[in-house]
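The chain contents come next:
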Amino acid sequence: MLERREFLSFTPSQKPPSDGFWLHVSRPAMACRFEVTLPLSDRRGVIVARRALEEADRLEQQLSIFRESSEVSHLNREGATRPIRVERTLFDLLRFSQDLFSETDGAFEYRIHSLLS
């Protein structure tokens, strides 16, 4: 768990693993670098780290407005002319985004809020 000071400074102090080495598993997604850092001695963690990074890829594929093939791009392209069926988790995310938009008087803005009105 992060201490308050560590959280606010965004620089967590990590204790070095007993062997002194860290393993970094990373990949680019959503115009940034996603990285999981774990002790080199924890080989099982690599599988979990890869799954987490694969989830970042899956979300990018679904949500990116910069990919013509994404579900959100399809919704933006077709949603104004006809009803579009979307995955339940995407619908829930869009509904939550709409609620945040309303609760913040528009301070939280997202690109397709008018489609759910």
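Our structure's up above, just so we're on the same page.
Residues numbered from 1 in each chain as written. Predicted model: local features only at pLDDT ≥ 70, side-chain atom pairs only at ≥ 80, totals over all residues. Heavy atoms only, no water.

1. Let's talk about the pairing of strand β2 (residues 32-39)
Phase 1 of the analysis: Taken together, the eight bridges between strand β1 (residues 22-29) and β2 define a ladder with antiparallel strand orientation. Following the sheet pairing, Leu 23 is matched in β2 by Leu 38.
Phase 2 of the analysis: If you look at the hairpin formed by β1 and β2, you'll find two residues sitting between the two strands, and Met 30 has a positive phi there, around 55°. (Pairing = 2+ DSSP bridges. Helix = DSSP H or I, 4+ residues; strand = E, 2+ residues; numbered from the N terminus.)

2. Description of the pattern of salt bridges
Phase 1 of the analysis: Overall, the coordinates contain eight salt bridges when judged by the stated rule.
Phase 2 of the analysis: The shortest N-O distance in the salt bridge between Arg 77 and Glu 68 comes to 3.5 Å.
Phase 3 of the analysis: Ionic pairing is found between Arg 82 and Glu 78, a salt bridge with its closest N-O pair at 3.6 Å.
Phase 4 of the analysis: Connected via shared salt-bridge partners are Glu 55, Arg 58 and Glu 87. (Salt bridge = Lys/Arg side-chain N within 4 Å of Asp/Glu carboxyl O.)

3. With respect to the nonpolar core
Phase 1 of the analysis: Judged by nonpolar contacts, Val 72, Leu 75, Ile 84, Val 86, Leu 90 and Leu 94 together constitute the single largest core of six residues.
Phase 2 of the analysis: Mapped onto this core, the elements with two or more residues apiece are α3 (71-78) and α4 (88-103).
Phase 3 of the analysis: With five residues, the next largest nonpolar core counts Val 25, Leu 38, Val 46 and Ala 49 among its residues. (Core = buried A, V, L, I, M, F, W, Y, C linked by side-chain atoms within 4.5 Å. Buried < 20%, exposed > 50% of the residue type's maximum accessible area, 1.4 Å probe, protein only.)

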